[in-house]
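Letter by letter, the chains look like this.
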Amino acid sequence: MVRVRFAPSPTGYLHVGGARTALFNWLYARKLGGQFLLRIEDTDKARSTDESTRAIYHGLTWLGLTWEEDVVHQGANVARHQRDAHALLESGAAYRCFCTSAELDARRADAESRKESFRYDRRCDLLDAAEVEQRAAAGAPHTIRFRVPDGHTAWTDMVHGEISFPNKDIDDLVILRSDGTPIYNLAVVSDDIDMRITHVLRGEDHISNTPKQILLYRALGAALPVFAHFPNVLGTDGKKLSKRHGATAVGDYEGLGIMPEAMCNFLALLGWSPGGDREVMTQAEMISLFSEEGLLAKASVFDMKKLEWMNAQHLMHMPMEVLTPRVVDAIVATGVATAVELSANEAWVCTLIELLRVRARTIDDLAKQSAPYFGATVTFDADAVAKQWKDASLTRKLLGGARAALEALPTWDAAAMELALRGLAEAEGLGAGKVMQPLRVVLLGVAASPGMFDVLLLLGRDRSLARIDAALTHPHLAA
Ligand code: GLU
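Counting restarts for each chain: residues are numbered from 1 in the order of the written sequence. Reporting in this predicted model follows two pLDDT cut-offs: at least 70 for local features of residues, and 80 or more for side-chain atom pairs to be given and counted; totals over whole chains, interfaces and linings ignore these cut-offs and use all residues. The basis for every side-chain value is the complete set of non-hydrogen atoms in the structure, without hydrogens or water.

**Q** I would appreciate a short explanation of the overall build of the chain in the present structure.
**A** Each helix and strand counted, the chain has 20 helices and twelve strands in total. Only C-alpha atoms enter the radius of gyration; for comparison, a globular chain is expected to reach 2.2 Å times N to the power 0.38, where N is the number of residues. Over its C-alpha trace the chain gives a radius of gyration of 33 Å, far above what one expects of a compact globule, namely 23 Å for 479 residues. With the C-alpha coordinates of the chain rotated into their principal frame, the extents come out at 110 × 45 × 40 Å. Whether a residue is buried, partly exposed or exposed follows from its accessible area with a 1.4 Å probe, protein chains only, as a fraction of its type maximum: under 20%, in between, or over 50%, in that order. Split into buried and exposed, the 479 residues of the chain put 47% on the buried side. For the chain, the share of sequence-separated contacts (at least 6 apart) that also reach a separation of at least 24 residues comes to 75%. Residue burial considers only the protein chains on display, and all accessible areas are found by Shrake-Rupley using a 1.4 Å probe. As presented, the chain carries roughly 22300 Å² of accessible surface, and 54% of it is formed by carbon and sulfur atoms. Charge counting treats Lys and Arg as positive and Asp and Glu as negative, with His and both chain ends excluded. Where a charge sits is defined by one atom per residue type, namely NZ (Lys), CZ (Arg), CG (Asp) or CD (Glu). Computing the positive centroid from 52 side-chain charges and the negative centroid from 61, the chain places the two 3 Å apart. The helix and strand labels rest on DSSP assignments: H or I over at least four residues marks a helix, E over at least two residues marks a strand, and numbering proceeds from the N terminus. Contacts are residue-level and defined by heavy atoms, with any inter-residue pair within 4.5 Å sufficient.

See the structure below:
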């Protein structure tokens, strides 16, 4: 049974890189019928906050990345981390180190002054066993260090293939500080063993931790998980994504009107390709297409334009029953209509959304575009007026003609409208656009909209005619 985990440190918001890692873990678990667990790595008490933990829960839930079992809080497992450190001490895989941090700092500075890289020289490992016992019993402060064996540490990474580190480059790492608190690498391994994690899938910045962790697994007598390290997410300038690039918190995108379906889809393509040129996918499609082979070893770029495009694609294709309530909320938030008014005109609202969703990039954008369809008066865009009503007397004449033709229609349908308005244009020796463009500004106040007949149908005869009447009193057109 595949068991994976997402293990964020709650020291900030949920970063898009973290969300991508969470998503890949989740997809892997869903694909293989496994379990996706969440562990909050809150051992750094000074930097961990409840607010950040809440932001992580919220972000994951918003993305639809639900986890199995209770959330594990690393900080609650310190006693086990300590037990594991002591077990390593007893088995001889670790030793007590009485060197103080001041002494270590001095030796490090000394090595640096000689342009040598600092390695712990194992002097405490050479101490006489009786002396060690005696100093420890007397309460002399000390850390517990893991003795890195000779040789190489290698693994087959799911993303990068074979990776090998010479152990001589790995310092004997402290696993328990002198105050008894565990060091990160020990806590992670201890928790992953306890949680029966089979696959550790995380960001590339952890590659250098992996050989240390593998050595700890072995020393603790535990089976190794499979490791995968996902490449960094870069900004469009090729540098690692950071606040300099703008919004990097998942929550920021929620605020910008990006939908979770689009965000998930976009994040999935940061380091994975389903093959071919397939890009737009639902979560269910991503699960069915997800495979190890599709994981990419090269860094991917976070491109806001692509995210907006992805959002527009989802907006266009998602089921109306999912989209409508969200748009309704957004329209209500703009203040142009109440929830009660909208629910009383459900079919009309659906038609409006169907028309606008192919032209909008976000839900907020869609809600904004819906404004001219509500309310008694039209707000005119000055540029649209100047451009489309340039010749005031011709515009007046055309609008008057359009009004009469529309009023006379026996039925309020697109075919009849088209015939009437085209006939009017022809009679004036003009192209149809010369009637439609000024009329669009009359009806909606803006120069761009869905097809004219759709707009007329949506507004209905009375409101369409009333809007023409109102436009004829506009200072630009009033004679
Ligand atoms: N807590 C680590 C982080 O936030 C992740 C550790 C892991 O996945 O092993 O980067």
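**Q** How do you make sense of the pattern of salt bridges when you look at a structure like this?
**A** Pairs may arise between side chains of opposite charge once their charged atoms sit close together. Here a salt bridge means any side-chain nitrogen of Lys or Arg lying within 4 Å of a carboxyl oxygen belonging to Asp or Glu. Under the definition given, this model contains 30 salt bridges. Between E428 and K397 there is a salt bridge, with its nearest N and O atoms 2.9 Å apart. Remark: K397 occurs in helix α17 (residues 392-407) and E428 occurs in the loop between α18 (414-427) and α19 (433-444); sequence separation between them is 31 residues. In this structure K397 comes out as partly exposed when scored by relative accessible area, which is 49%.

**Q** So what exactly am I meant to see when it comes to helix α1 (residues 16-31) here?
**A** Residues that lie three or four places apart on an α-helix share one face, since the helix turns once every 3.6 residues. Here α1 is 16 residues long and its end C-alpha atoms lie 22 Å apart, about the 22 Å a rise of 1.5 Å per residue gives. Within α1, 14 of the 16 residues are buried, which leaves it mostly tucked inside the rest of the structure. Two residues or fewer after α1 comes G33, characterised by a positive phi angle close to 65°. One less than the number of residues in a helix, times 1.5 Å, gives the span that helix is expected to have.

**Q** When you look at the side chain of T21 in this model, what are you seeing that I'm missing?
**A** When you line up the elements, T21 lands in helix α1. When residues no more than four places from it in sequence are discounted, the contact partners of T21 are F6, L201, R202, G203 and F230.

**Q** Would you mind going over the packing of aromatic side chains with me for this structure?
**A** A pair of Phe, Tyr and Trp rings is counted when the ring centres sit within 6.5 Å of each other, with Trp represented by its six-membered ring. The angle between the planes then sorts it: under 30 degrees is stacked, over 60 is edge-to-face, the rest tilted. Taken as a whole and assessed by the stated rule, the structure comprises eleven aromatic pairs. Note on F24 and F290: the rings are 5.8 Å apart at their centroids and 55° apart in plane angle, and the pair reads as tilted. Taken as a pair, F24 in helix α1 and F290 in the loop between α10 (283-289) and β12 (300-301) lie far apart in primary sequence, 266 residues in all. Judged by relative accessible area, F24 falls into the buried class, the value being 1%.

**Q** Can you help me understand α17 in this one?
**A** Taking 1.5 Å of rise per residue, 16 residues should cover 22 Å, and α17 covers 22 Å from first to last C-alpha, within 8% of that figure. Along α17, the residues that are buried comprise T395, L398, L399, A402, R403 and L406. Buried residues along α17 cover an arc of 140° about the axis, so they all sit on one side. Tucked inside the fold, the buried residues of α17 contact α16 (382-388), α18, α19 and α20 (452-472). The arc in question is traced by the directions running from the helix axis to the C-beta atoms.

**Q** Before we go on, may I ask you to explain the state of the cysteines in this structure?
**A** As used in these notes, a disulfide is a covalent bond between sulfur atoms, one from each of two cysteines. Our working definition of a disulfide is a cysteine sulfur pair at a distance within 2.5 Å. In total, this model carries zero disulfides according to the counting rule given. C124 carries a free sulfur, and the closest cysteine sulfur to it, the one in C99, is 3.6 Å from it.

**Q** I keep staring at the site of the ligand and nothing clicks. Help me out?
**A** In the vicinity of the ligand, the contacting residues are R5, A7, P8, S9, E41, Y184, V188, R202 and H206. Definition of a polar contact: a pair of N or O atoms within 3.5 Å, with one able to donate and the other able to accept a hydrogen when the atoms are protein atoms, and with sequence-neighbouring residues admitted only if both atoms are side-chain atoms. A distance of 2.7 Å is found between an oxygen atom of the ligand and a side-chain nitrogen or oxygen belonging to R5. Within the side chain of R202, an N or O atom sits 2.8 Å from an oxygen atom of the ligand. For the ligand, whose accessible area on its own is 290 Å², the fraction buried by protein is 79%. Note on terminology: near, applied to a residue and a molecule or strand, indicates that one of the residue's heavy atoms is within 4 Å of it.

**Q** It is not clear to me how the environment of A414 should be interpreted in this structure. Could you clarify?
**A** Secondary-structure assignment places A414 in helix α18. Separated by 39 residues in the primary sequence, A414 and F453 place their C-alpha atoms 5.4 Å from one another. Here A414 is in contact with F453 and L457, once residues within four sequence places are set aside.

**Q** Would you explain the environment of N209 in this entry?
**A** In this structure, N209 sits in the loop between β9 (199-203) and α7 (210-219). When neighbours within four sequence positions are excluded, N209 is seen to be in contact with Y184 and N185. Looking at N209, its side chain comes within polar contact range of the side chain of N185, at 3.3 Å.

**Q** It is not clear to me how the packing of helix α6 (residues 184-194) against α7 should be interpreted in this structure. Could you clarify?
**A** When two helices pack together, you describe them by how their axes are tilted relative to each other and by the distance separating the axes. Axes, fitted as lines to C-alpha atoms, cover a helix only where it is in contact. Angles between the N-to-C directions of the axes lie from 0 to 180 degrees. Here α6 crosses α7 at 55°, and the two axes come no closer than 10 Å. Compared by their axis directions, α6 and α7 come out oblique. The handedness of the crossing between α6 and α7 is right-handed. Packed against α6, whose contacting residues are Y184, N185, L186, V188, V189, D192 and I193, the element α7 presents K212, Q213, L216 and Y217 at the interface. Put simply, Ala, Val, Leu, Ile, Met, Phe, Trp, Tyr, Cys and Pro go in the nonpolar bin, Asp, Glu, Lys and Arg in the charged bin, and everything else, Gly too, in the polar bin. Here the contact of α6 with α7 is built from residues that sort into seven nonpolar, two polar and two charged. The cut-offs work like this: below 35 degrees is roughly parallel, past 145 is roughly antiparallel, 65 to 115 is roughly perpendicular, and the gaps in between are oblique. Each crossing is labelled by how the near helix is turned from the far one, with a counterclockwise turn of less than a right angle marking it left-handed and a clockwise turn marking it right-handed.

**Q** When you look at the sheet that holds strand β4 (residues 94-97) in this model, what are you seeing that I'm missing?
**A** Within a sheet, adjacent strands bond to each other through the backbone by hydrogen bonds, running parallel or antiparallel. Whether two strands pair depends on DSSP finding at least two bridges between them. If you trace the three strands from one edge of the open sheet to the other, you get β4-β5-β8, paired in antiparallel fashion. Whereas interior strands pair on both sides, the edge strands pair on one side only; in this sheet they are β4 and β8 (174-176). If you compare each strand with its neighbour and ignore which way they point, the axes differ by 45° on average. Here β4 runs beside strand β5 (residues 143-146); their pairing, made up of four bridges, is antiparallel. Paired with R96 across the two strands is I144, which belongs to β5.

**Q** Before we go on, may I ask you to explain the pairing of strand β1 (residues 3-6) in this structure?
**A** Sheet faces and side chains relate simply in a regular strand, where the side chains alternate between the two faces. In β1, alternate side chains face the same way, and those of R3 and R5 on one face and V4 and F6 on the other are all buried. In this fold, the crossover linking β1 to strand β2 (residues 35-40) by way of α1 has right-handed handedness. Handedness of a crossover: with both strands directed away from the viewer, a clockwise path from the first strand across the helix to the second marks it as right-handed.

**Q** Help me understand unusual backbone geometry, please; the structure alone is not making it clear to me.
**A** Most peptide bonds adopt trans geometry, and most residues besides glycine take a negative phi value. Positioned with a positive phi, E69 is a non-glycine residue whose angle comes to about 65°. Checked against the element boundaries, E69 lands in the loop between α2 (50-63) and β3 (72-73).

**Q** Please clarify how the nonpolar core should be interpreted in this entry.
**A** Generally speaking, a soluble globular protein has its nonpolar side chains buried in company with each other. Here, the term nonpolar core denotes a set of buried Ala, Val, Leu, Ile, Met, Phe, Trp, Tyr and Cys residues that are joined through side-chain atoms within 4.5 Å. Grouped together as the largest cluster of nonpolar side chains are 55 residues, with contacts concentrated most on L323, Y373, L406, L421, L443 and L456. Elements represented by at least two residues in this core include exactly α12 (320-334), α14 (346-357), α15 (363-370), α16, α17, α18, α19 and α20. The greatest single-element share of this core, amounting to nine residues, is contributed by α20.

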